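Observations on the three-dimensional arrangement
So you can see what is in the structure, the chains are spelled out below.
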Amino acid sequence: ADRRTQLDRIGFIWSQRDEWWERGYRALQKFKKREGHCLVPALHIEGGLKLGYWVTVQRRYHDRMSSERKRRLNEIGFVWVVRPRSRRS
């Protein structure tokens, strides 16, 4: 238990799914720092990661997401609901 606590403190990733989530989160932070928002285009790639897809997955599965992940996304201004653009005639 002590070793697990020590590894948790240094940010050890326990699963590939968790690693993918952390990579996406870091990419989103980078995107926001550069662009000033979290409205990632659907096909956007950031540092080799399909960030647009990652963002879509977060929105789709928000009801299954841990409160910790939701909190982290909310802290950086994640947009949970995106309204489609209206078409001009």
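Let me sum up the structure you'll find in this document. (Residues numbered from 1 in each chain as written. Predicted model: local features only at pLDDT ≥ 70, side-chain atom pairs only at ≥ 80, totals over all residues. Heavy atoms only, no water.)

1. Notes on the overall build of the protein
Within the protein, the secondary structure is distributed over 4 helices and 0 strands. From first element to last, N terminus to C terminus, the protein shows the α and β order α-α-α-α. Computed over the C-alpha atoms, the radius of gyration of the protein is 15 Å, more than 25% above the 12 Å expected from 2.2 N^0.38 for a compact globule of 89 residues. Projected onto the principal axes, the alpha-carbon positions of the protein cover approximately 65 × 25 × 20 Å. (Helix = DSSP H or I, 4+ residues; strand = E, 2+ residues; numbered from the N terminus. Rg over C-alpha atoms; globule rule 2.2 N^0.38 Å.)

2. Some words on the side chain of E22
Of note, E22 is situated in helix 2 (residues 16–35). Polar side-chain contacts of E22 include one of 2.8 Å to the side chain of R72. Sequence-distant contacts of E22, that is, excluding residues within four places in its chain, are made with I13 and R72. (Polar contact = N/O pair within 3.5 Å; in protein donor to acceptor, adjacent residues only side chain to side chain. Contact = heavy atoms within 4.5 Å.)

3. Description of the packing of helix 2 against helix 3 (residues 51–60)
Their axes nearest at 10 Å, the elements helix 2 and helix 3 cross at an angle of 110°. As judged from the angle between their axes, helix 2 and helix 3 are roughly perpendicular. Our pair here, helix 2 against helix 3, has a crossing hand that is left-handed. Across from W20, W21, G24, Y25, A27, L28 and F31 in helix 2, the residues of helix 3 making contact are L51, Y53, W54, V55, V57 and Q58. The residue inventory of the contact of helix 2 with helix 3, partitioned by class, reads 11 nonpolar, 2 polar and no charged. (Axes fitted to C-alpha atoms, helices over the stretch in contact; angles between N-to-C directions. Parallel < 35°, antiparallel > 145°, perpendicular 65-115°, else oblique. Left-handed = near helix turned anticlockwise from the far one by under 90°. Nonpolar A, V, L, I, M, F, W, Y, C, P; charged D, E, K, R; others polar.)

4. Structural notes on a nonpolar patch on the surface
On the surface, a cluster of nonpolar side chains totalling about 340 Å² of accessible area is made up of I10, F12 and W14. Topologically, F12 is positioned in the loop between helix 1 (2–9) and helix 2. (Patch = residues over 30% accessible without salt bridge, like charges linked within 9 Å, V, L, I, M, F, W, Y side chains within 5 Å. Areas by Shrake-Rupley, 256 points an atom, 1.4 Å probe, with all protein chains shown as cover. Salt bridge = Lys/Arg side-chain N within 4 Å of Asp/Glu carboxyl O.)

5. Examining the environment of F31
Along the chain, the position of F31 falls in helix 2. Judged by its relative accessible area of 4%, F31 falls in the buried class. The contact partners of F31, leaving out residues within four places of it in the chain, are G36, H37, C38, L39, V40, P41, H44, E46 and L51. (Buried < 20%, exposed > 50% of the residue type's maximum accessible area, 1.4 Å probe, protein only.)

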